[in-house]
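Structural overview
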Amino acid sequence: NRRPRRVVMPNAPEKSDVTSYRDRTWKRFLEGPDQALLEELYVPMLASAVRYDRSCAYFSSSILAAAARGFAAFIGNLLKMRDAAPHPAIRLVVNQEMPAEDVRALTETADLSKLEKLLLSRFKNPKELLEKKRLRMLAWLYREGLLDIRVGVMRSGGGIVHGKFGIATDATDESVVFNGSGNESARGLAANYECLEVSTAAADSDRYGHYRQQFDALWTDTHQTVHTVTLP
């Protein structure tokens, strides 16, 4: 079992200049490939975050390098909070396509063997030092109970969980909500044509409430069309 403990990751900052999301004017619409996706959203959003919920369909550890400044400050925020930090502070919902009969077996018997086999086929041995460092950071976050991942499959079988949105929350309990075409990957931030819409909970409470309800349903496995399980 993973147990939260006060361990400082090598090279992780001990403190950061945390500001509230209320202190910043957020651009409503962002488009990539453009440095603005980093400078106007990911870096300032993560730098002040203490919680991050993301339905990203496809997830790549390359995001940790692409938005390194933001993630470093985010981890610094969590280290400063010590035992008061949310566990997990980062919650990711990713997808996997499975045949209908395998989904039925999964939901009826909770047999994760076929899902685990599919997921293991996605992992490759890291070949580059940077890739190893990214994976080490992910492993550290998971080991400390700061990161958790759930895998979503369509309850009817076939198709994938393709909805892409995120909610970041700061220490004042204000949230930034974004949704659009972007995946949680370096390519999705810096190379692809992407369109995102951004708002805060204070500025658009209905929009925040909608995406909060969606994520909570996915995370608690109460969504009517999606079944989620903890990453095997």
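These numbers come from a predicted model, not from an experiment.

What counts and what doesn't
Residues numbered from 1 in each chain as written. Predicted model: local features only at pLDDT ≥ 70, side-chain atom pairs only at ≥ 80, totals over all residues. Heavy atoms only, no water. Helix = DSSP H or I, 4+ residues; strand = E, 2+ residues; numbered from the N terminus. Buried < 20%, exposed > 50% of the residue type's maximum accessible area, 1.4 Å probe, protein only. Contact = heavy atoms within 4.5 Å. Areas by Shrake-Rupley, 256 points an atom, 1.4 Å probe, with all protein chains shown as cover. Salt bridge = Lys/Arg side-chain N within 4 Å of Asp/Glu carboxyl O. Lys, Arg positive; Asp, Glu negative; His and termini not counted. Polar contact = N/O pair within 3.5 Å; in protein donor to acceptor, adjacent residues only side chain to side chain. Pairing = 2+ DSSP bridges.

**Quick look at the overall build of the protein**
When helices and strands are tallied, the protein shows eight helices and eight strands. Within the span of the protein, comprising 232 residues, buried residues form 48% of the whole. In the protein, once contacts between residues fewer than 6 apart in sequence are set aside, the share between residues at least 24 apart is 76%. Accessible surface, the protein as shown: approximately 12000 Å² in total, 51% of it carbon and sulfur.

**A closer look at the pattern of salt bridges**
All told, the structure shown has 11 salt bridges when counted by the stated rule. In this structure, K114 engages D102 in a salt bridge whose closest nitrogen and oxygen atoms are separated by 2.9 Å. Remark: D102 occurs in helix α4 (residues 100-109) and K114 occurs in helix α5 (residues 113-120); sequence separation between them is 12 residues. Given the relative accessible area of 49%, K114 is considered partly exposed. Residue class for D102 comes out buried when judged on its relative accessible area of 15%.

**So, the side chain of K164**
As for its placement among the helices and strands, K164 is situated in the loop between β4 (147-154) and β5 (165-170). Within the buried core, K164 has no salt-bridge partner, and the shortest N-O distance to an opposite charge, that of E194, equals 6.0 Å. Only 3.3 Å separates the side chain of K164 from the backbone oxygen of S181, close enough to count as a polar contact.

**Description of the pairing of strand β2 (residues 49-57)**
Here β2 lies mainly inside the structure; eight of its nine residues are buried. In terms of strand pairing, β2 meets β5 through six bridges, oriented antiparallel. Bridge pairing links D53 to I167 in β5. Across five bridges, β2 lies against strand β3 (residues 90-95) in parallel orientation. For A57, the partnering residue across the bridge sits in β3 and is V94.

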